[in-house]
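Report on the structure
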Amino acid sequence: MPFDFIAIGDVDIDEYMHINPTDADVVCEINKEECKICLDYADKIVVDKFEASVAGNSANVAIGCNKLGLSTSVYSELGDDPNAEKIINYFKGQGIDTSFCKKNPNTLTDVHPIIVYKGERTIFSYHGPKKYTLPKWEFPKWIYYTSLAYGFESFQEELVNYVKKNPEIM
């Protein structure tokens, strides 16, 4: 079945750790633009609230397009772990096709720990190495291409050539 929309990009699990304002300090330089969050070294920091969600540009855009009524799929290279299953099950629950979500043996799905302190987020971003390959899909109407891990260059070249050969794809 051809899809209206295919989102291409890394999908991850964002893990939000809301820490108590008494367990950290924000220290700023004189100009107040260069601020840092400071935690006591080698300490146990209390997390007031913890939540996790499926994330990534391709996931967010795919969900939005699906809600607009477009038949939607996502291409992403995942690990072979419970987080990959969580992502795939989440997409299926949203009505998004997962046939291009590839599980790679002996790898982990990307996880981004995020410290939330006084309403601001500090994100620890990890994109593990992946081998991207252009899936064999029927011509979609639209392709959305976003962030991938290092080593994406040959995939990007292949994708650009594919789109040039199929100018009807937006």
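Residues numbered from 1 in each chain as written. Predicted model: local features only at pLDDT ≥ 70, side-chain atom pairs only at ≥ 80, totals over all residues. Heavy atoms only, no water.

The subject of this paragraph is the overall build of the protein. Within the protein, the regular secondary structure consists of three helices and ten strands. Shown N-terminal to C-terminal, the secondary structure of the protein runs as helices and strands in the order β-β-β-β-β-α-β-α-β-β-β-β-α. In terms of overall dimensions, the protein has C-alpha extents of about 55 × 35 × 35 Å along its principal axes. The buried share among the 170 residues of the protein stands at 38%. Carbon and sulfur atoms provide 55% of the accessible area of the protein, an area that totals close to 10300 Å². (Helix = DSSP H or I, 4+ residues; strand = E, 2+ residues; numbered from the N terminus. Buried < 20%, exposed > 50% of the residue type's maximum accessible area, 1.4 Å probe, protein only. Areas by Shrake-Rupley, 256 points an atom, 1.4 Å probe, with all protein chains shown as cover.)

A word on the state of the cysteines. As enumerated under the stated definition, the model contains one disulfide in all. With its sulfur 2.0 Å from that of its partner, C28 forms a disulfide with C35. Residues C28 and C35 are joined through a disulfide that is right-handed, its torsion about the S-S bond being 105°. Assessed through its relative accessible area of 31%, C28 is described here as partly exposed. Given a relative accessible area of 37%, C35 falls into the partly exposed group. (Disulfide = S-S within 2.5 Å.)

With respect to the helices and strands, the residue T146 is situated in the loop between β10 (142-145) and α3 (153-165). Engagement of the side chain of T146 in a polar contact is seen with the side chain of N57, the distance being 2.9 Å. Setting aside residues up to four positions removed in sequence, T146 forms contacts with I8, G9, N57 and S58. (Polar contact = N/O pair within 3.5 Å; in protein donor to acceptor, adjacent residues only side chain to side chain. Contact = heavy atoms within 4.5 Å.)

Strand order in the open sheet formed by four strands is β5-β2-β8-β9, with mixed pairing between adjacent strands. With partners counted over all chains shown, the strands left at the sheet margins are β5 (47-55) and β9 (120-123), one partner each. Taking the axes of each pair of neighbouring strands and ignoring which way they run, one obtains an average angle of 25° across the sheet. Summarising the sheet, strand β2 (residues 12-19) and β5 pair through eight bridges and their orientation is antiparallel. Paired with I19 across the bridge in β5 is V47. (Pairing = 2+ DSSP bridges. Axes fitted to C-alpha atoms, helices over the stretch in contact; angles between N-to-C directions.)

On to the packing of aromatic side chains, then. Tallied over the entire structure, the rule returns nine aromatic pairs. Summarising the aromatic geometry, the rings of F5 and Y144 are spaced 6.5 Å apart at their centres and angled 25° between planes, so their arrangement reads as stacked. Here F5, found in strand β1 (residues 5-8), pairs with Y144, found in strand β10; they are 139 residues apart in sequence, far enough to count as distant. Judged by its relative accessible area of 27%, Y144 is partly exposed. Consider the rings of W137 and Y162, whose centres lie 6.1 Å apart with planes at 70°: the pair is edge-to-face. Here W137, found in the loop between β9 and β10, pairs with Y162, found in helix α3; they are 25 residues apart in sequence, far enough to count as distant. You'll find W137 and Y162 in the same group, each marked buried. Grouped by ring-pair contacts, the aromatic residues F3, F100, W137, F139 and Y162 constitute a single cluster. (Phe/Tyr/Trp six-rings, centres within 6.5 Å; stacked < 30°, edge-to-face > 60°.)

Read these as geometric descriptors, not functional statements.
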